[in-house]
Amino acid sequence: MSDKKKIRAKPESLSSVLVNSFRNRKKHENDSDCGKNGFPVIASYNVHKCVGRDRKFDPDRTSHVIQEIKADIIALQEADSRFGERTGLLDLIRLERECGLSPVPIAAGTKAHGWHGNVVLFKEGAVRDVHPLKLPGLEPRGALVVELELKQGGTLRIIAAHFGLLRHSRAQQAKALVELLDTRDKHPTILLGDLNEWRLGHGSSLNTFRDAFGTLPPAVPSFPAGMPVLALDRIISNREGLIDNVTAHNSVLSRVASDHLPLKASIRTDILISNPKA
């Protein structure tokens, strides 16, 4: 069949996404295999400026959820106040003491934890490079590109991002990340964060990542936290098999601490070490 005669896949309607999410809502929640076999756990969590679904500002509760996840690497979104001088909202010293998680350093002399609310914390390893990226679009959005030397061996690139609410902005932001990757050395890369995209068909900003990241893992609903039906949060990689068992962390606390559930996955470090440049 010629290219002209190819039929484009219809975009998924919101109603079909909701129906499928309700049918499968328990499938990807708190799967006990995440982190088994000694593989490190990577997670993404939009902490909603530490304001829960009960409208209470409670950084301690947010910290307890982070502790529950038991991540070795975690990307947080909305961890800083958004307006005026950005100020960090979490007790990072407490997180390091109780969870062993240290923040990737961004800039000295600021009150913010991260970059446009994005923070990357990790337990063990060494930071090779940090690149804050301002993303295009009408809203102030950003991404953090971090290269880590893992304790288990191998170099892993992390892209922690928070995309905008407007479809056109998300398309620009996805394109900006792919263009950045094209200018960098090829490393195993994991993109994670709140991408604010529930669509999978034509018109989805996720399609921009297919050439760079290949087939995307199954969508895991993470929003709204009380009854997740939309897969706004994502963990994807550019190496087949590098991430495994993408699940939502659904607990009593996580259902109320933010409007998003955390997402987590295992990093297959055996694949990372055996095929570092492929």
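The structure this text deals with has already been given above.
Chains are numbered independently. Their residues run from 1 in the order of the written sequence. For a predicted model such as this one, the threshold for reporting local features is a pLDDT of at least 70, and the threshold for listing and counting side-chain atom pairs is 80 or more; totals across whole chains, interfaces and linings nevertheless cover every residue. Neither water nor hydrogens contribute to the side-chain values; these are computed over all heavy atoms in the structure.

Colleague: Explain the overall build of the chain to me, please; I cannot follow it from the model alone.
Modeller: Segments assigned H or I by DSSP are reported as helices when at least four residues long, segments assigned E as strands when at least two residues long, and all are numbered from the N terminus. From N to C terminus, the chain includes 7 helices and 11 strands. With a 1.4 Å probe rolled over the protein chains alone, any residue whose accessible area is under 20% of its type maximum counts as buried; one over 50% counts as exposed, and the rest are partly exposed. Taking all 278 residues of the chain together, 51% fall into the buried category. Surface exposure here means Shrake-Rupley accessible area, sampled with a 1.4 Å probe, where a residue is shielded only by the protein chains that are shown. Counting only carbon and sulfur atoms, one obtains 53% of the accessible surface of the chain, whose full area is about 13300 Å².

Colleague: What exactly am I supposed to notice about the pattern of salt bridges here?
Modeller: When a carboxyl oxygen of Asp or Glu is within 4 Å of a side-chain nitrogen of Lys or Arg, the pair counts as a salt bridge. Applying the stated rule across the entire model yields 12 salt bridges. Taking the shortest distance from any N to any O, the salt bridge between R61 and D54 comes out at 2.8 Å. A residue is classified by how much of its surface remains accessible, and R61, at 10% relative accessible area, is buried. Between R268 and D270 there is a salt bridge, with its nearest N and O atoms 2.7 Å apart.

Colleague: Explanation requested: the nonpolar core in the structure shown.
Modeller: Generally speaking, nonpolar side chains in soluble globular proteins are found buried as a group. Counting 27 residues, the largest nonpolar core has I42, I73, L156, I158, I190 and I235 as the members making the most contacts within it. Going through the elements one at a time, β2 (73–77), β4 (119–122), β6 (141–149), β7 (155–162), β8 (189–194), β10 (243–248) and β11 (263–267) are the ones with two or more residues in this core. Formed by 22 residues, the second largest nonpolar core is a distinct cluster that contains C50, V65, I69 and A79. Here, the term nonpolar core denotes a set of buried Ala, Val, Leu, Ile, Met, Phe, Trp, Tyr and Cys residues that are joined through side-chain atoms within 4.5 Å.

Colleague: Just checking my understanding: could you explain the packing of helix α2 (residues 59–69) against helix α3 (residues 92–99) for this structure?
Modeller: Two measures define how a pair of helices packs: the angle their axes make with one another and the distance between the axes. Note on geometry: axes are lines fitted to C-alpha atoms, helical ones only across the stretch in contact, with angles between N-to-C directions running from 0 to 180 degrees. At a minimum axis separation of 11 Å, α2 and α3 run at an interaxial angle of 30 degrees. One way to sum up the angle between α2 and α3 is to call them roughly parallel. In the crossing of α2 with α3, the sense of the turn from one axis to the other is right-handed. Residue-level contacts link D60, S63, H64, I66 and Q67 of α2 to R94, L95, E98 and C99 of α3. Grouping the amino acids of the contact of α2 with α3 by side-chain chemistry returns 3 nonpolar, 3 polar and 3 charged. Here the word oblique covers every angle except those under 35 degrees (roughly parallel), over 145 (roughly antiparallel) and from 65 to 115 (roughly perpendicular). The hand of a helix crossing depends on one turn: near helix anticlockwise from the far one by less than a right angle means left-handed, and clockwise means right-handed. Should any heavy atoms of two residues lie within 4.5 Å, those residues are counted as being in contact. Residues are grouped as follows: Ala, Val, Leu, Ile, Met, Phe, Trp, Tyr, Cys and Pro are nonpolar; Asp, Glu, Lys and Arg are charged; all remaining types, including Gly, are polar.

Colleague: Looking at this structure, I do not really get the pairing of β6. What am I missing?
Modeller: Most of β6 sits out of view: 8 of its 9 residues are buried. With antiparallel pairing between neighbouring strands as the criterion, strand β5 (residues 126–135) and β6 make up a hairpin whose turn holds 5 residues, including G137 at a positive phi of roughly 130 degrees. For β6 and β7, the ladder comprises 7 bridges, and the chain directions are antiparallel. Paired with E149 across the strands is T155, a residue of β7. The antiparallel hairpin formed by β6 and β7 contains 5 residues in its connecting segment, where G153 sits at a positive phi of about 110 degrees. Strand pairing requires that DSSP identify at least two bridges connecting the strands.

Colleague: I'm lost on unusual backbone geometry in this one. Help?
Modeller: Glycine aside, negative phi is the norm for most residues, and most peptide bonds take the trans geometry. Here the bond from F223 into P224 is cis, since omega is -10 degrees, no more than 30 degrees from zero. Assignment of secondary structure puts P224 in the loop between α5 (210–213) and β9 (233–237). The residue K70 is not glycine, and still its phi comes out positive at about 60 degrees. Assessed through its relative accessible area of 59%, K70 is described here as exposed.

As far as function goes, none of this settles anything; it's purely spatial.
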